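Geometric and topological summary
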Amino acid sequence: AAGRAPADAPSTRLSRQPDSSMSYCTRTSTSCAARRETCLAGASFALLFTAYNTAQNYLTSLLGERFGSSVLALVYAGLICATPFAPSLVPRMGVRLALVLGSATYALLMAALTLFASSGGGTLVASLLCMAAFLNGCGGALLWSAQGSLVIRSGGGLGGGGGSSADETARQAGDFWGIFQLSAVAGNLWASLSLAHGGSSVGLFVFFTALALCSSILFLGLP
C-alpha cells in the first residue's frame, strides 16, 4: 500500500486538472453571458430614458408650469407608493417580466403625452394623462428594483458573495451606467435637432413612444 501511494498521487493530481480547466471555462462563459445581459439591459434603459428624461424637460412648456409640475408630482408619488412593494414583487414575477411591465408604463405615459399634444388638452385627456403619470411612477419602482436584481445576479452577487463576485458586480454596474448615460446626450440632441428643423411636439412624443416600446421589446431578449 505504501509503495502504491507515489504512483497514485500524480494520477490523482492529473485527474483534477481537466475539472479545474472546465470550471475556469464555465466561469469565463458565465461572465461573458452576464456581460451581454448587462449590455442589453443598458441599451434598453438608454432607449427608455432617452424618451422619458427628454420628455420630462418639455413637460412644463407643453402642459404649462402648473399642470406640468402636477404631472411630475404624480409620477414621483406613484414611485413612492410602489417602492416598498416592488422588491418583493420582482422575485415573484421574475426580472424580465418586471422590466417589461415597468417599461410599458413609460410607453403609456409617452402615448398619453402624444394624445394631449395632438388634441390640445381637455378634461378627459388631462385625467388620462394624470392616471398614466401615476402608473408610470409605480412602473418605475418595479423597473429599478428589477434593474438592481439584474446587476447583482449578473455579477454573481446572489451566489457566494466572495470578493470576485463583488468585483464582477461592480464591473457590471459600471458597464450598465456607462451605456445608460448615453440617453442624456442622445435625447436632448435629437429634440434640439428635431425642433430646429420644424418638428412638432406631437412628432417628438410619437418618437418617444416608439423608443419606449422598443425598450420593452429589447427586455424580452433577456433570459
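For the structure itself, consult the block above.
Only a predicted model underlies this, so the values are computations on that prediction, with no experimental measurement involved.

Let us look at the overall build of the protein chain. When helices and strands are counted, the protein chain shows nine helices and zero strands. Every one of the 223 residues in the protein chain was classed for burial, and the buried ones make up 36%. Sequence-distant contacts, at least 24 apart, represent 82% of the contacts inside the protein chain between residues at least 6 apart. Total accessible area on the protein chain is roughly 11,600 Å²; 67% of this is exposed by carbon and sulfur atoms.

With that settled, the discussion passes to the packing of helix α5 (residues 95–119) against helix α9 (residues 201–219). One can describe the packing of α5 onto α9 by two numbers: an axis separation of 8 Å at closest approach and a directional angle of 170 degrees. Viewed along their axes, α5 and α9 adopt a mutual orientation that is roughly antiparallel. For the contact of α5 with α9, the residue count by class is 16 nonpolar, seven polar and one charged.

Take a nonpolar patch on the surface next. On the surface, L115, L124, L128 and M131 cluster together into a nonpolar patch covering about 400 Å² of accessible area. Broken down by element, the residue count for the nonpolar patch peaks at three residues, all from helix α6 (residues 123–154). With respect to the helices, strands and loops of the structure, L115 is situated in helix α5.

Moving on, we come to the nonpolar core. Counting residues in hydrophobic clusters, the biggest one holds 44 residues, and the most contacted among them are L99, L109 and L113. Listed by contribution, the elements that provide at least two residues to this core are α1 (4–57), α2 (59–63), α3 (65–82), α5, α6, α7 (163–180) and α9. Looking at this core element by element, the count peaks at twelve residues for α5. Non-local contacts of L109, meaning those with residues more than four positions away in its chain, are made with Y52, V75, L129, A132, A133 and N136.

Take the side chain of T114 next. Inspection of the secondary structure puts T114 in helix α5. Reaching out from T114, the side chain makes a polar contact with the backbone oxygen of F205 at a distance of 3.2 Å. Among all residues touching T114, those that are not within four sequence positions of it are V202, F205, V206 and T209.

The end-to-end C-alpha distance of α9 is 27 Å, a good match for the 27 Å that 19 residues give at a rise of 1.5 Å each. Looking only at α9, the buried set comprises L204, F205, F208, T209, L211, A212, S215, S216 and F219. Angularly, the buried residues of α9 cover 160 degrees about the axis, an arc narrow enough to put them on a single face.

Conventions adopted
Residues numbered from 1 in each chain as written. Predicted model: local features only at pLDDT ≥ 70, side-chain atom pairs only at ≥ 80, totals over all residues. Heavy atoms only, no water. Helix = DSSP H or I, 4+ residues; strand = E, 2+ residues; numbered from the N terminus. Buried < 20%, exposed > 50% of the residue type's maximum accessible area, 1.4 Å probe, protein only. Contact = heavy atoms within 4.5 Å. Areas by Shrake-Rupley, 256 points an atom, 1.4 Å probe, with all protein chains shown as cover. Axes fitted to C-alpha atoms, helices over the stretch in contact; angles between N-to-C directions. Parallel < 35°, antiparallel > 145°, perpendicular 65-115°, else oblique. Nonpolar A, V, L, I, M, F, W, Y, C, P; charged D, E, K, R; others polar. Patch = residues over 30% accessible without salt bridge, like charges linked within 9 Å, V, L, I, M, F, W, Y side chains within 5 Å. Salt bridge = Lys/Arg side-chain N within 4 Å of Asp/Glu carboxyl O. Core = buried A, V, L, I, M, F, W, Y, C linked by side-chain atoms within 4.5 Å. Polar contact = N/O pair within 3.5 Å; in protein donor to acceptor, adjacent residues only side chain to side chain. Expected span 1.5 Å × (residues − 1). Arc of directions from axis to C-beta.

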